[in-house]
Amino acid sequence: MLAIEYEKYGMPNVLKVRDVPKPVPGKTDVLVRVHATTVTSGDRLARSLDMPAGFGLIGRLVFGVFGPRRRILGTEFAGEVRAVGSRVTNFKPGDEVFAFPGAGFGGYAQYAIIGQDKAIALKPADLSYSQAAALSFGGGTALNFLRDKGHIKSGDRVLVIGAAGIVGSAAVQLAKHFGAHVTGVCHTGSLEMVHSIGADEVIDYTTTDFAVTGATYDIIVDTSGTATYRKCENSLRENGRLLLVSANLWQLLGMVFARKKRGKKAIGGYAPERAEDLVFLASLAEQGKFTPYIDRQFPLEHAAKAHAFFESGHKKGSIVITVEKDIA
Ligand SMILES: NC(=O)c1ccc[n+]([C@@H]2O[C@H](COP(=O)([O-])OP(=O)(O)OC[C@H]3O[C@@H](n4cnc5c(N)ncnc54)[C@H](OP(=O)(O)O)[C@@H]3O)[C@@H](O)[C@H]2O)c1
């Protein structure tokens, strides 16, 4: 089958088109004919090993010390089930599914394998494969931070820093779903896009510093890696939560050791990949309450170009990779 592989960390051109053996599902695995996958910040990290400051060693331990342990990227994908292992009961050939293997990767290929107990769910019929492929990474991360870590509730005022990104654009839409008043922070070129996905207010970070506007929030979500507890403290209301989706080691240490007053909290951590979250996101997508924003699509053979576009700066939402070619 056709796949995109890489053997060493580096720039987008380390991604090569290869002909590799089609994977064979184990007893509890589902074999999916991939129709679409994406370029996420997770794929970018694993390809470049350009880790946040202080996490270089951890990056090598996770992705492979001397080179990538998993040579086929693709943290999320959507497609059609073509075969299942002998003990699979949840899925059958012909099912349209989407999946979130996360650091298990595997989406940059014509076929991918995922365990039936991992993060995989039925694709809503009205959703295209491209939209379904882009549901999990941003949606799953935003859901975990806002609902599970941040305990968002109706009426909260929420600030999303990096509102035009993959996680940020999902956070804007999910926070609106949970009944919050949402302010997005983004670059000038993304102001219209962030309004269009439902933000009540938008701040251009090139002209305005949210921290000096005097506005206060119950939740501040940072997906840009630019926030610190100290910077955000005066913008947080009593019991306000700063959710650091993206942070380097020093930001995390600053968050842990900062003296916090009036019940304020700073929360970082990892968003796990969970099937029940995919089911929840699929239901929101079916109701039109969460639609992943797709900036551009590239065919699988141009995965390196898709990564280069991610690197070029100021992309909006998700970049989708389509897997058109079929094989017997
Ligand atoms: N903790 C977890 O489990 C978890 C899970 C997923 C992702 N992450 C991390 O979360 C981060 C975001 O991921 P993503 O996939 O959403 O990446 P992304 O699509 O690249 O989004 C990042 C956004 O930050 C914006 N940005 C950059 N500088 C900014 C600034 N000074 N002020 C406001 N916004 C700014 C960018 O906008 P412009 O391009 O317009 O500047 C971009 O839209 C990554 O670091 C990723 O590693 C963590």
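Residues numbered from 1 in each chain as written. Predicted model: local features only at pLDDT ≥ 70, side-chain atom pairs only at ≥ 80, totals over all residues. Heavy atoms only, no water.

### A short note on the packing of aromatic side chains
Centre-to-centre distance and the angle between the planes together describe a pair of aromatic rings. For clarity, the cut-off: Two rings belonging to Phe, Tyr or Trp (six-membered ring only in the last case) form a pair when the distance between their centres is within 6.5 Å. Interplanar angles under 30 degrees mark stacking, angles over 60 mark edge-to-face geometry, and anything in between is tilted. Residue exposure (1.4 Å probe, protein chains only): buried if accessible area is under 20% of the type maximum, exposed if over 50%, otherwise partly exposed. Secondary structure elements are taken from DSSP: a helix is a run of H or I of four residues or more, a strand is a run of E of two residues or more, and numbering for both begins at the N terminus.
In total, this model carries 5 aromatic pairs according to the counting rule given. Plain terms: the ring middles of Tyr6 and Tyr9 are 6.4 Å apart, the flat faces sit at 65 degrees to each other, and that makes the pair edge-to-face. Note on accessibility: Tyr6 and Tyr9 belong to one class, buried. Between Phe63 and Phe105, the aromatic rings sit 6.2 Å apart at their centres with planes inclined by 50 degrees, giving tilted as the arrangement. Remark: Phe105 occurs in the loop between β5 (96-99) and β6 (111-115) and Phe63 occurs in helix α2 (residues 56-63); sequence separation between them is 42 residues. With a relative accessible area of 12%, Phe63 lands in the buried category.

### Section: the site of the ligand
Note the cut-off: To be near a molecule or strand, a residue needs just one of its heavy atoms within 4 Å of it. Polar contacts, as counted here, are pairs of nitrogen or oxygen atoms within 3.5 Å of one another; within protein the pair requires one atom able to donate a hydrogen and one able to accept it, and residues that are adjacent in sequence qualify only if both atoms are side-chain atoms. Every accessible area reported is derived by Shrake-Rupley at a probe size of 1.4 Å, with residue values counting cover from the shown protein chains alone.
Neighbouring the ligand are 23 residues; Ser41, Val167, Tyr205, Ala271 and Lys315 lie closest to it. Between the ligand and His314 there is a distance of 3.0 Å, counted from an oxygen atom to a side-chain nitrogen or oxygen. A distance of 2.6 Å separates an oxygen atom of the ligand from a polar atom in the side chain of Lys315. Coverage of the ligand by the protein chains reaches 79% of its 920 Å² of free accessible surface. Here the shell around the ligand takes 3 residues from helix α4 (residues 136-149), the largest share from any one element.

### Quick notes on the environment of Phe280
Note the cut-off: Here, residues are in contact when the closest pair of their heavy atoms is within 4.5 Å.
Within the secondary structure, Phe280 sits in helix α9 (residues 275-286). Among the residues examined, Phe280 registers a relative accessible area of 24% and is labelled partly exposed. Sequence-wise, Phe280 and Gly139 are 141 residues apart; in three dimensions their C-alpha atoms are separated by 9.7 Å. The residues touching Phe280, leaving out its near neighbours within four places in the chain, are Leu143, Arg147, His177 and Phe178.

### Concerning the side chain of Thr223
With respect to the helices and strands, Thr223 occurs in the loop between β11 (217-222) and α7 (229-232). Those residues in contact with Thr223, other than ones at most four positions away along the chain, are Ile161, Gly162, Val167, Gly168, Val245 and Ser246.

### Things to note about the domain arrangement of the protein
Condition: Residue ranges assigned to the domains are those given by an automatic or database domain assignment. Accessible area, probed at 1.4 Å, shrinks when two parts are joined; the buried area is that loss added up over both. Salt bridges, as used here, are contacts in which a Lys or Arg side-chain nitrogen is within 4 Å of a carboxyl oxygen on Asp or Glu. In this classification, Asp, Glu, Lys and Arg are treated as charged, Ala, Val, Leu, Ile, Met, Phe, Trp, Tyr, Cys and Pro as nonpolar, and every other residue, Gly included, as polar.
According to the domain assignment, the protein contains domain 1 (2-135 + 292-322) and domain 2 (137-267). Averaged C-alpha coordinates put domain 1 and domain 2 at centres separated by 27 Å. Residue-level contacts link 19 residues of domain 1 with 19 residues of domain 2. With both chains or domains summed, domain 1 and domain 2 bury close to 1400 Å², and 64% of this area falls on carbon and sulfur atoms. Seen at the junction of domain 1 and domain 2, the total is 0 salt bridges. Where domain 1 packs against domain 2, one counts 5 residue pairs in polar contact (both at pLDDT 80 or more). A breakdown of the residues in the side of domain 1 that touches domain 2 according to their chemical character gives 8 nonpolar, 8 polar and 3 charged.

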